[in-house]
Amino acid sequence: MNGFSDSLLPSLILVAVLMIWLPLLPRDRNWARGLVLGGAAILILRYMYWRTAATLPALELSAQSLWPWLFYILEMASLTGMLIGSFIQVRTISRSAEATRHEARLRACDNPPFVDVFIATYNEGFDVVERTIVGALSMDYPRYAVWVLDDGKRDWLRDYCKAKGARYLTRPDNRHAKAGNLNNGLAVSATQTNGDLVMVLDADFVPRRDFLWRTAGFFDDPKIGIVQTPQHFFNSDPIQANLVAHHHWVDEQRYFFDIVQPSRDAWDVAFCCGTSSVVRRSHLDMIGGFPTDSVTEDVLLTYVLLQRCCITRYLNEPLSTGLAPEGLKEYLTQRSRWCIGTMQMLWLKSCPLWAPGLTLFQRISFLWLAMSWVVTFPWTLAIVAAPLLYLYSGIYVIKADWQDLLDHFAPAFAALILSIAWVSNRTFILGITDVTRLVMMFTTLRAIAQGLLRPFGQRFKVTAKGGDRDHAVVQWQVMRNFLILLALNLFGIAINLTPGYAIADDFDQQGVNIFWSIYNMVLILITLLVCVDLPRRRKEERFDINESSRISIGGRIAPCTIRDLSVSGARVRLAYDGSDTRMQLDIDGVGPLVCEIARIIDTHEVGMRFIDPGQRRDALIRKVYTGSYQNTPKQAAPWRLLLAVIRRMFGREPV
């Protein structure tokens, strides 16, 4: 026992020192990032050396030899990806000051670049495309045209665009899906408006009014081909919503957009993510338009332009807000499409790993992206399978005593987790981040296999957005796999703890694998909760605004406070007992709206429903979606998140 304590003590000291020291370091300074991530990398390399030199069995044609070697290969590949990521994230940069200088110059210019704004749409409902079109038409930039590119060929959308002043465009077929739609927009707009720049919006993303002022100025530098901005969302993704943790946990893309992309940008290897980006038209003309060889045309566009020394600049400002996938099925469909698109790129002559014109570092930056799919999810499966294989067959993945394991694995693991947690600024939390990977595991593995074995010829799967979600939906097809995993873990532990029935007889290995299996079961239980799409009662998302306002009742005007606001209603704090059923709420930037009390929250606070806003509906959309309101967190609250998950596991919602 003393040996165990002595081996564990250095790791405990390391954790204590890091937890005290890391919060004191400036996260946005490259020297601090290099110190933290470099120190973690040294411990990881130390572990990798020990793992290679001291833990592998002789290579033989037996399960007890081949399985540890396969596990080792996946583990080393995963750690290599983490080391590449750590090296890239040693640097970070903010372009906001540069954007401000560009904006000042553009505003003083009589003739800023003309921008064609493309809204690509297929099957989204009216409530989705309405706010995007209104938002796009409301940008205060002086020279731009809005093009609605409708692959759904809907008459009602054509009529709406005509009424609002947006240009409407269809094409004879839907060849090459979104990329083909954008290329059709390029060809037609070139004969009419022929903007210097092309802004791309998905049908569910609403731009902020100053979007073009903040981005267009970067193109004064001739080497800039694309300016990408982050994707922010005004609703919870399925993981946040189904765990009832939307106030305490970030959306799944925050780490990428807030941490990874600024680091990639510091090395000039940020990449385009489609929506909320601006592209130089002359560069698109130079390469023949948006690439159609991959369903992730945005990423491929970045690397095709990089071959011609044209880079993607990243401006980390919330200049648009969009609709995250509302159900787990849609969420997994979208991620699978991203995975297949990356796999397709591996088959192309223009693949960044071997295409001419790219530097070694640019190739490595793409390798990191590819590894995030082709390594991460097989490694996740291996982590889930390893303890099960031991519990049912006695085949282990690593043969090492406790002391060696604690001497090498524990400090490397502690340094890795704490350094990522520090760099991520509470957008990564061990456990919940693992659940995200776990819930995606089976569908992503299928996508990897499809992308490697039969990458082309599949139908482009659009992520469904909007629609009624007023009742719970159990995603049985996804849940089934995790129920099987849970049962296998429970049964395996039960067998090996029953005297006379234990399959494995190595006490140390049994203890490690049972603990490992229990940890996996906790993650699986949380994943099962994510597989139940909870009802979303509100048709419109509400934003906390806490703005002073006025309310009129029978000619009498009284002050009030708007606590939250949506296109359909508001939560209002009154200065008197709210007993009248009908009134007029005067909203700054919108005007007076007739409303009725939908529910009484307490003596002085009511929920109001707007009654036919009429011509003020556009102003209401602009107020809600094109300003600076946000209703999803940018940082996690770890302890509150833990409490929310525990409450959810016992069928209760957090207060």
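Remember, it's a predicted structure, so these values are computed and weren't measured experimentally.

### Focus on helix H13 (residues 328-345)
Next up, step 1: Taking 1.5 Å of rise per residue, 18 residues should cover 26 Å, and H13 covers 26 Å from first to last C-alpha, within 8% of that figure.
Next up, step 2: Most of H13 is tucked away: 15 of the 18 residues are buried.

### Remarks on the sheet that holds strand S5 (residues 206-207)
Next up, step 1: With mixed pairing, three strands are arranged side by side in an open sheet as S5-S10-S7. Each edge of the sheet is formed by a strand with only one pairing partner; in this case those strands are S5 and strand S7 (232-233).
Next up, step 2: Examined bridge by bridge, S5 and strand S10 (residues 320-322) share two bridges and lie antiparallel to one another. Bridge assignment links Val206 to a residue of S10, and that residue is Thr321.

### Examining the pattern of salt bridges
Next up, step 1: Under the defined criterion, the tally for this structure stands at 31 salt bridges.
Next up, step 2: The salt bridge involving Glu252 is made with Arg335; its shortest N-O contact spans 2.3 Å. Placement of the pair is Glu252 in the loop between helix H9 (238-242) and helix H10 (254-266) and Arg335 in helix H13, with a sequence separation of 83 residues.
Next up, step 3: Relative accessible area serves as the criterion here: at 28%, Glu252 is assigned to the partly exposed category.
Next up, step 4: You can call Arg335 buried: its relative accessible area is 3%.
Next up, step 5: Arg254 is the salt-bridge partner of Asp258, the closest N and O atoms lying 3.0 Å from each other. Here Arg254 and Asp258 lie together in helix H10, a separation of four residues that amounts to about one turn. For the residue pair Asp258 and Arg254, the accessibility class agrees, reading buried in each case.
Next up, step 6: When salt bridges with common partners are traced through the structure, they connect Arg95, Glu98, Asp265, Asp268 and Arg313 into a single cluster.

### Digging into unusual backbone geometry
Next up, step 1: In this model, Lys153 sits at a positive phi of 50°, which is unusual for a non-glycine residue.
Next up, step 2: On the secondary structure map, Lys153 appears in the loop between strand S2 (144-150) and helix H6 (155-164).
Next up, step 3: Exposure remark for Lys153: the relative accessible area of 37% places this residue in the partly exposed category.
Next up, step 4: Not every positive phi belongs to a glycine, and Asp612 is a case in point at roughly 50°.

### So, the pairing of strand S8 (residues 277-280)
Next up, step 1: By the alternation rule, side chains of S8 split into Ser277 and Val279 and Val278 and Arg280, which are all buried.
Next up, step 2: Sheet topology places strand S4 (residues 197-202) next to S8; four bridges connect them, and they run antiparallel. Residue pairing across strands places Leu197 opposite Arg280, the latter belonging to S8.

### Side note on the sheet that holds strand S14 (residues 556-565)
Next up, step 1: Read around the closed barrel, the six strands follow the order S13-S14-S15-S18-S17-S16; overall the barrel is antiparallel. This sheet shows a mean twist of 45° between the axes of neighbouring strands, independent of strand direction.
Next up, step 2: In this sheet, S14 lies alongside strand S13 (residues 543-553) in antiparallel orientation, the contact comprising nine bridges. From the neighbouring strand, Arg550 faces S14, where its bridge partner is Pro559.

So, how was this worked out
Residues numbered from 1 in each chain as written. Predicted model: local features only at pLDDT ≥ 70, side-chain atom pairs only at ≥ 80, totals over all residues. Heavy atoms only, no water. Helix = DSSP H or I, 4+ residues; strand = E, 2+ residues; numbered from the N terminus. Expected span 1.5 Å × (residues − 1). Buried < 20%, exposed > 50% of the residue type's maximum accessible area, 1.4 Å probe, protein only. Pairing = 2+ DSSP bridges. Salt bridge = Lys/Arg side-chain N within 4 Å of Asp/Glu carboxyl O. Axes fitted to C-alpha atoms, helices over the stretch in contact; angles between N-to-C directions.

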